[in-house]
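What follows is each chain in one-letter form.
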Amino acid sequence: MAEGYCVKCKAKREIVSAVEEVMKNGRKAIKGKCPICGTVMFKILGGKAVPVPPATPASEPSSPAKPSGSSPG
Ligand SMILES: [Zn+2]
């Protein structure tokens, strides 16, 4: 299941009704909706032009440790 960043919730959400799309530049992307607020979410696959959420000043209460670096997905 695809995961993306919801700009409205300001959090990572599971992308529901996700569909794979191919952009003009030939890159694939996942387009779907936020399960919480319904905002359209967009996740670029293997692209560099991915919207990066702002760094959080404080550590989150419950956040699983993520391995550094990016893994091919
Ligand atoms: Zn949302």
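In this convention, every chain numbers its residues from 1, walking through the sequence in written order. Under the rules for a predicted model, residues below a pLDDT of 70 receive no local features and side-chain atom pairs below 80 are neither given nor counted, while totals for whole chains, interfaces and linings still include all residues.

**Focus: the environment of Ile30**
For the record, the criterion: Only DSSP runs of H or I covering at least 4 residues are called helices, and only runs of E covering at least 2 are called strands; the numbering of each starts at the N terminus. Whether a residue is buried, exposed or partly exposed follows from its count of other C-beta atoms within 10 Å of its own C-beta, namely 20 or more, 12 or fewer, or something in between, respectively; the C-beta atoms are built from the backbone. We call two residues in contact whenever the C-beta atoms placed from their backbones are within 7 Å.
Tracing the chain through its elements places Ile30 in strand E4 (residues 28–33). On the basis of neighbour count, Ile30 is assigned to the partly exposed category, with 18 C-beta atoms found within 10 Å. Separated by 14 residues in the primary sequence, Ile30 and Ile44 place their C-alpha atoms 6.2 Å from one another. With sequence-adjacent residues up to four places away left out, Ile30 is seen in contact with Ala2, Gly4, Ile15, Ala18, Glu20, Lys43 and Leu45.

**Considering the sheet that holds strand E5 (residues 40–44)**
Quick reminder of the rule: Whether two strands pair comes down to DSSP finding at least two bridges between them. Throughout, an axis means a line fitted to C-alpha atoms (over the contacting stretch in the case of helices), and angles, computed between N-to-C directions, take values from 0 to 180 degrees.
Taken in spatial order, the three strands make up an open sheet running E3-E4-E5, and their pairing is antiparallel. Each having just a single partner strand, strand E3 (16–22) and E5 make up the two edges of the open sheet. Across the sheet, the mean angle separating the axes of adjacent strands is 25° when strand polarity is ignored. Pairing of E4 with E5, which is carried by five bridges, proceeds in the antiparallel orientation. If you follow Lys31 over to E5, its bridge partner there is Phe42.

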